[in-house]
Amino acid sequence: MRDVATLLEALPYIREFHGQTVVIKYGGAAMEDPELREEFARDVVLLKYVGMNPIVVHGGGPDITRYMNKLNLPVEFVGGLRVSDKDTVEIAKMVLVGKVNKDIVLRLNRHGQAAVGLSGDDGRLFRASRQSAPDGQDIGFVGQIDRVDVDVLEHIAQDYIPVIASVGADREGNSYNINADDAAAAVARAMGAFKVVFLTDVAGWLRDKDDPASLISEAGADEVEEAITTMEGGMRPKLQACLDAIHGGVSAAYIIDGRVAHSLLLELFTDSGIGTKIRPAQ
Ligand SMILES: Nc1ncnc2c1ncn2[C@@H]1O[C@H](COP(=O)(O)OP(=O)(O)OP(=O)(O)O)[C@@H](O)[C@H]1O
Ligand SMILES: [Mg+2]
């Protein structure tokens, strides 16, 4: 009976979301655990089957760090952003585009929906420029996205699930490591997405980052703006990305627990939701 109830609960959402674009930032734990990787792929395929237009944007922080360690290269973060010299960008590009992206594409293919992998360079999807850390510090080839050209993405999304690796280049052809949260927000804005969902390795935005019970289940953009000034770590670029998406017309941004199987479906298709919902200021 509970299964039927769940289906009935999902029905109005499925109707409401039909034909809508949802951008999913895939990162953190859901990407590390083999079983969760399968569940994630199944969930995204299901979204496509029920008539939504899912677009996956991914990072790959842990994988990049692993390869950096193998090559004895230093790993450093400032304000949640990876300090990136030329070598770091080269490795990030190789790992994200060559390995992580293709892993996701293959898995979606296997679960019954053809996916197409892209980086910010393909079809001139992203034009990037150099970005400094929130405190003004130089962090090397870390890019911000200045322009998104969705032409190629719109074509692909009609029939396939686009999977985007968060790297891009400037006009001169210098490559940049782009935070995947920023990339997801930029894609969501440019595609007129209805929602953007960030999968991560915590329950959501926590009032106290060391206390999982301090989950903030809903917040307005104004509250986020206030809190963000004093924040550190990976949650800062994520909340900034939520704000960017909302200011760009996306109706809501969600930060959800990628460690929970099917968290994506639970957030989108149930009344209660499971993570943090960021909505426009009231
Ligand atoms: N207030 C907070 N609430 C929740 N997490 C926080 C907070 N402040 C800092 N964090 C940190 O942010 C991390 C999530 O960001 P992180 O960049 O590490 O992961 P991700 O963005 O999901 O993955 P990736 O960067 O690999 O794409 C959490 O694991 C936590 O350590
Ligand atoms: Mg991150």
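Cut-offs applied
- Residues numbered from 1 in each chain as written.
- Chains lettered and ligands numbered in written order.
- Predicted model: local features only at pLDDT ≥ 70, side-chain atom pairs only at ≥ 80, totals over all residues.
- Heavy atoms only, no water.
- Helix = DSSP H or I, 4+ residues; strand = E, 2+ residues; numbered from the N terminus.
- Expected span 1.5 Å × (residues − 1).
- Bend = angle between axes of the 7 residues up to and from the residue.
- Buried < 20%, exposed > 50% of the residue type's maximum accessible area, 1.4 Å probe, protein only.
- Near = heavy atom within 4 Å.
- Polar contact = N/O pair within 3.5 Å; in protein donor to acceptor, adjacent residues only side chain to side chain.
- Areas by Shrake-Rupley, 256 points an atom, 1.4 Å probe, with all protein chains shown as cover.
- Nonpolar A, V, L, I, M, F, W, Y, C, P; charged D, E, K, R; others polar.
- Salt bridge = Lys/Arg side-chain N within 4 Å of Asp/Glu carboxyl O.
- 1 Å grid on protein atoms, 1.4 Å probe; cavity = no way out; pocket = protein on both sides within 12 Å on 5 of 7 lines; lining within 4 Å.
- Points joined across faces, edges and corners; volume = space filled by probe spheres on them.
- Axes fitted to C-alpha atoms, helices over the stretch in contact; angles between N-to-C directions.
- Parallel < 35°, antiparallel > 145°, perpendicular 65-115°, else oblique.
- Left-handed = near helix turned anticlockwise from the far one by under 90°.
- Contact = heavy atoms within 4.5 Å.
- UniProt positions renumbered as here; feature names shortened; annotations may be inferred.

### So, helix H5 (residues 86-110)
Its 25 residues give H5 an end-to-end C-alpha distance of 35 Å, which sits within 8% of 36 Å, the value for a rise of 1.5 Å per residue. The sharpest bend along H5 measures roughly 30° and falls at Leu 96. All of the buried residues along H5 are Thr 88, Val 89, Ile 91, Ala 92, Val 95, Leu 96, Val 100, Asn 101, Ile 104, Val 105, Arg 107 and Leu 108. Backbone geometry just downstream of H5 places Gly 112 in the positive-phi region, at approximately 110°.

### With respect to the site of ligand 1
Taken together, the neighbourhood of ligand 1 is formed by 18 residues, with Lys 25, Thr 200, Asp 201, Leu 206 and Lys 238 sitting nearest. Measuring from an oxygen atom of ligand 1, one finds a side-chain N or O atom of Asp 201 at 2.7 Å. A distance of 2.9 Å is found between a nitrogen atom of ligand 1 and a backbone nitrogen or oxygen belonging to Leu 206. Expressed as a share of its isolated accessible area of 630 Å², the protein-covered part of ligand 1 is 78%. At the level of elements, helix H4 (61-70), strand E11 (195-200) and helix H9 (235-247) are the ones that each hand at least two residues to the shell around ligand 1. Along the lines of polarity and charge, the residues of the shell around ligand 1 split into seven nonpolar, five polar and six charged.

### A closer look at the pattern of salt bridges
Where charged atoms of side chains with opposite charge meet at close range, the side chains can pair. For the structure shown, the criterion picks out 15 salt bridges. As a salt-bridge pair, Asp 181 and Lys 25 come within 2.7 Å of each other at their nearest N and O atoms. You can see Asp 181 sitting in helix H7 (residues 180-190) and its partner Lys 25 sitting in strand E1 (residues 21-26), a full 156 residues away along the chain.

### Description of empty space enclosed by the protein
Throughout the structure, instances matching the rule amount to one cavity of 30 Å³ or more. Of the volumes computed, that of the largest cavity is approximately 70 Å³. As for the largest cavity, its lining consists of Ala 30, Leu 36, Glu 39, Phe 40, Asp 43, Leu 199, Gly 258, Val 260, Ala 261, His 262, Ser 263 and Leu 264. With four residues, helix H3 (residues 34-49) is the largest single contributor of residues to the lining of the largest cavity. The class makeup of the residues in the lining of the largest cavity is seven nonpolar, three polar and two charged.

### Topic: the packing of H4 against H5
Between H4 and H5, the least distance of the axes is 9 Å, while the angle of their chain directions is 125°. Classed by the angle they form, the pair H4 and H5 counts as oblique. Between H4 and H5 lies a crossing of right-handed hand. Touching Asp 63, Ile 64, Tyr 67 and Met 68 of H4 are Thr 88, Ile 91, Ala 92, Val 95, Leu 96, Lys 99 and Val 100, all from H5. The residue inventory of the contact of H4 with H5, partitioned by class, reads eight nonpolar, one polar and two charged.

### Focus: H3
For H3, which comprises 16 residues, the first-to-last C-alpha distance of 23 Å matches the rise-based estimate of 22 Å (1.5 Å per residue) to within 8%. Residues of H3 that are buried: Leu 36, Glu 39, Phe 40, Ala 41, Asp 43, Val 44, Val 45, Leu 47 and Lys 48. The distance from a side-chain oxygen at the start of H3 to the backbone nitrogen of Glu 35 is 2.9 Å, and the residue carrying that oxygen is Asp 33. Looking one or two places after H3, you find Gly 51, whose phi comes out positive at around 95°.

### Remarks on the UniProt feature "binding site: substrate" (unreviewed entry) in the protein chain
In the numbering used here, UniProt assigns the feature "binding site: substrate" (unreviewed entry) to Gly 60, Gly 61, Arg 82 and Asn 177. For the annotated residues, spread through 118 residues, the largest C-alpha to C-alpha distance comes to 11.6 Å, consistent with a single compact locus. Within this annotated set, the largest pocket is lined by Gly 60, Gly 61, Arg 82 and Asn 177. Tracing the sequence through the fold places Gly 61 in helix H4. Within the element layout of this structure, Arg 82 appears in strand E4 (residues 81-82).

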